[in-house]
Amino acid sequence: MSVSVPVKQYGVTPPISTAASTPEQVKLNDAMIEELRNQGSFETEAGVLKRREILATLQTLVEEFVYTVSRKKNMSEGMSKDAGGKLFTFGSYRLGVYGPGSDIDTLVVVPKHVTREDFFTIFDQIIRKRPELQNIQSVPDAYVPILKTVFDGVDIDIICSRLDVPQVPLDMSLKDNNLLRNIDDKDLRALNGTRVTDLILQLVPQKTVFRAALRTIKLWAKKRAIYANMFGFPGGVAWAMLVARICQLYPNAVGAVIVEKFFHIYLQWKWPQPVVLQQIGDGPLPVRVWNPQLYGQDRSHIMPVITPAYPSMCATHNIGASTQAIILEEIRRASEIVTDIESGNKKWNALFEKHDFFYRYKFYLTVITATKGSYEEHLKWSGMVESKLRLLVQRLEPIEGIVLVHPYVKPMMNAYLSKEESDLFKMKELYGTLEGEKFAKDHLEEFKIDDDTDVKKIEEEAAKANKHIVYLMKLYIGLKLDMKGTNKKLDIQVPCSEFDMICRGWPAFDQDKNSLSIRHVKLWNLPNDVYEEDEKRPVKRSKRKASEHQSNGESTHKKLKGDTSSSSAATQVQAGAPPSSGVVANAST
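The notes below deal with the structure included here. Remember, it's a predicted structure, so these values are computed and weren't measured experimentally.

**Regarding the pattern of salt bridges**
Stage number 1. One pass over the structure, following the stated rule, counts 31 salt bridges.
Stage number 2. For Arg-332, the salt bridge identified is with Glu-336, shortest N-O distance 2.6 Å. Of the two residues, Arg-332 and Glu-336 are both situated in helix H11 (residues 321-342); the distance of 4 residues between them amounts to about one turn of the helix.
Stage number 3. Taking the relative accessible area as the measure of exposure, Arg-332 reaches 29% and is therefore partly exposed.
Stage number 4. Taking relative accessible area as the criterion, Glu-336 reaches 45% and is therefore assigned partly exposed.
Stage number 5. In this structure, the salt-bridge partner of Lys-474 is Asp-529, at a minimum N-O distance of 2.9 Å. On the criterion of sequence distance, the pair formed by Lys-474 in strand S10 (residues 468-481) and Asp-529 in the loop between strand S12 (514-522) and helix H18 (543-551) is long-range, its members being 55 residues apart.
Stage number 6. In this structure, a network of salt bridges that share partners links the residues Arg-224, Glu-330, Asp-356 and Arg-360.

Structural data, given as structure tokens:
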């Protein structure tokens, strides 16, 4: 009599299928991996070694940081050295799915006598002395306070967490839940990244399959501009958990099958049913665990993906009604493409086609930050506004006539020089439009900023030459409107004024240096820099032609080559101005 061997269960439910992949599926998976290579998804061997060297250097800086703080607080030489300090990684690097352009998410863990303020002052000072440092942006007011750096050509995000222990040795692990005692919410959120990443890898049946599928989903999400927790889309850890859950349901499948099932299952998922990798457990600490039955805020999560590490949290709390609709539409599109790939009608590169954000809508809002100061001051100001953009999206969604509010996930920055300060003021008024692009070309000197730019030197030379500098950042929001039954005018003064007040409430806000404006711009007046060289920009059509195309079922947003100097509305909210200076966007359709 044969004895059935129980199949190991990963996750909270039995697998849907334990079948091994067919030869056809293996061939499909090989083609998927080859396309990932063609897309540059894998890091080179030299790149891998460089990242290891950078992390080793940062570990020495962490130890120097803790030692320096310890000595400043009158600890002995020996105790200061023993205080330790350790650098952990999380995110794509820890998961093993990073590529040549990927950043490295790092966590500095320090003992109880080292504070968050120490991190943003003393550690900041220590890392600035390193010749490898090319850029640094401090965002202490973020949901998870962070230092964003470029170190030896690699983007390194550094967060910090303080534990209630006297020492942090190099062999410390973060598995023990008791390490979470007596720390604040920000420290808890910072620790969660590494703890979650480690658990994800433990909870998937085949790490190699998981990594191949996750690389594919990450690349797809980035190409389609739906990869950004800050802007209301899933971030890296959320996409990883979503892929891990499908791996649990198909433990013996190859990566290509996981990808196909990913789109199929999440298209039919009964949101807000949460995605979980293991049972949500309680713990010994008086900390909040995600529980929609107890907490109204948790009930408001419309697309919850729950972290497996205690205390479980929702990694997708920023997703709103609009971004959920966008995500599901992209999943639907991807599911159809993968079906065509399986049938041989398309290749894997079809899945990774670039988004059409700057062709999709007739009206866009442009949120513009300007700084009359140093580049570093601009990074802090613009970074804060970026982190708050989802609050503007939330306030716009209930407005009558707005069907969908679509934030674009990539900020765009420019820097201009001029001897005439009035020209820079004019540029702030026109920025984000075709007119602004033309004005800058005719009247201003633009300088590009990359990892190798010595911005301080440029600022010093500008001062000597009596030139003024303005740093500008623009964020775009696409608006899908339905003006039927309205007076053809869309009044968004209140949400824009509220957002303006939120941003001006930033403790470091200086109205002599910082400004914020919100304007609407029509599709055909978007600047050229939002399009790539091989893309054809849209142009304004006559009403007659537009109606003819619409009657034929054609989009009026087709990618047509051309140019126009059509003027944009100069409506705006100006930071520092009274709240009554809101936006009334005349969105006549």
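**Description of the packing of helix H2 (residues 45-72) against helix H5 (residues 116-128)**
Two numbers describe a pair of packed helices, the interaxial angle and the distance between the axes.
Stage number 1. Where H2 contacts H5, the axes come no closer than 10 Å and their chain directions differ by 125 degrees. As judged from the angle between their axes, H2 and H5 are oblique. The crossing of H2 and H5 is right-handed. Contacts between H2 and H5 involve Leu-58, Leu-61, Val-62, Glu-64, Phe-65, Thr-68, Val-69 and Lys-72 from the first element and Asp-118, Phe-119, Ile-122, Phe-123, Ile-126 and Ile-127 from the second.
Stage number 2. Considered class by class, the residues forming the contact of H2 with H5 number 10 nonpolar, 1 polar and 3 charged.

**Remarks on the pairing of strand S3 (residues 133-139)**
Stage number 1. Here S3 lies mainly inside the structure; 6 of its 7 residues are buried.
Stage number 2. For S3 and strand S4 (residues 146-151), the ladder comprises 6 bridges, and the chain directions are antiparallel. Bridge pairing links Asn-135 to Val-150 in S4.
Stage number 3. Linkage of S3 to S4, two consecutive antiparallel strands, is achieved through a turn of 6 residues.

**Here's the deal with the environment of Leu-472**
Stage number 1. Relative to the elements of secondary structure, Leu-472 occurs in strand S10.
Stage number 2. Once the C-alpha coordinates of Leu-472 and Met-413 are considered, the two residues, 59 residues apart in sequence, prove to be 5.6 Å apart.
Stage number 3. Excluding anything up to four places from it in sequence, Leu-472 contacts Ile-368, Thr-369, Ala-370, His-378, Met-412, Met-413, Asn-414, Tyr-416, Met-427, Lys-428 and Tyr-431.

**Quick word on the packing of helix H9 (residues 255-268) against H11**
Stage number 1. At a closest axis distance of 9 Å, the pairing of H9 and H11 adopts a crossing angle of 140 degrees. As the angle between them shows, H9 and H11 are arranged oblique. Here the hand of the crossing between H9 and H11 comes out left-handed. Where H9 approaches H11, its residues Val-259, Glu-260, Phe-263, His-264, Tyr-266 and Leu-267 are matched on the opposing element by Leu-328, Ile-331, Arg-332, Ala-334, Ser-335, Val-338 and Glu-342.

**Regarding the side chain of Asn-192**
Stage number 1. Looking at where Asn-192 falls in the secondary structure, it is placed in helix H6 (residues 185-202).
Stage number 2. Apart from residues lying up to four places away in sequence, Asn-192 is in contact with Thr-307, Ala-309, Tyr-310, Pro-311 and Met-313.

**Details of the environment of Val-196**
Stage number 1. Its location among the elements puts Val-196 in helix H6.
Stage number 2. For the pair formed by Val-196 and Ala-309, sequence separation is 113 residues and the distance between their alpha carbons is 5.2 Å.
Stage number 3. In contact with Val-196, other than residues within four places in its own chain, are Val-237, Met-241, Thr-307, Pro-308 and Ala-309.

**Overview of the packing of aromatic side chains**
Stage number 1. Inspection of the entire model under this criterion finds 27 aromatic pairs.
Stage number 2. Geometrically, the ring pair formed by Phe-119 and Phe-120 is edge-to-face, given 5.0 Å between the ring centres and 80 degrees between the ring planes. Each of the two residues, Phe-119 as well as Phe-120, counts as buried.
Stage number 3. Of the aromatic side chains, those joined through ring pairs into one cluster are Phe-357, Phe-358, Tyr-359, Tyr-361, Tyr-364, Tyr-408, Tyr-476 and Tyr-531.
Stage number 4. The aromatic ring of Tyr-143 is capped on one face by Arg-189, whose charged end is 3.8 Å from the ring centroid.
Stage number 5. Across from the ring centre of Tyr-227, 4.9 Å away, lies the NZ or CZ of Lys-222, which sits over that ring.

Parameters and conventions
- The written sequence of each chain sets the order in which its residues are numbered from 1.
- In keeping with the model being predicted, local features are shown solely for residues with a pLDDT of at least 70 and side-chain atom pairs are shown and tallied solely at 80 or more, while totals for entire chains, interfaces and linings include all residues.
- As a rule here, side-chain values come from all non-hydrogen atoms in the structure, and water together with hydrogens is ignored.
- The working definition used for a salt bridge is a side-chain nitrogen of Lys or Arg within 4 Å of a carboxyl oxygen of Asp or Glu.
- Note on conventions: DSSP H or I runs of at least 4 residues are helices, E runs of at least 2 residues are strands, and numbering of each starts at the N terminus.
- Note on classification: 1.4 Å probe, protein chains only; a residue is buried when its accessible area is under 20% of the maximum for its type, exposed when over 50%, partly exposed between these limits.
- Only C-alpha atoms enter the line fits that serve as axes; for helices the fit covers just the stretch in contact. Angles between N-to-C directions range over 0 to 180 degrees.
- Orientation categories follow fixed angle ranges, with anything under 35 degrees roughly parallel, anything over 145 roughly antiparallel, 65 to 115 roughly perpendicular, and all other angles oblique.
- Crossings are classed by handedness, with left-handed meaning an anticlockwise turn of the near helix from the far one by less than a right angle and right-handed meaning a clockwise turn.
- Throughout, a residue-residue contact means that at least one pair of heavy atoms, one from each residue, lies within 4.5 Å.
- Polarity classes work like this: nonpolar for Ala, Val, Leu, Ile, Met, Phe, Trp, Tyr, Cys and Pro, charged for Asp, Glu, Lys and Arg, and polar for all others, with Gly in that last group.
- DSSP calls a pair of strands paired once it identifies at least 2 bridges connecting them.
- To pair, rings of Phe, Tyr and Trp, with the six-membered ring standing in for Trp, must have centres within 6.5 Å; the planes then decide the type, stacked if under 30 degrees apart, edge-to-face if over 60, and tilted in the middle.
- Over a ring means this: the NZ of a Lys or the CZ of an Arg is within 6 Å of the ring centre and within 35 degrees of the ring normal.

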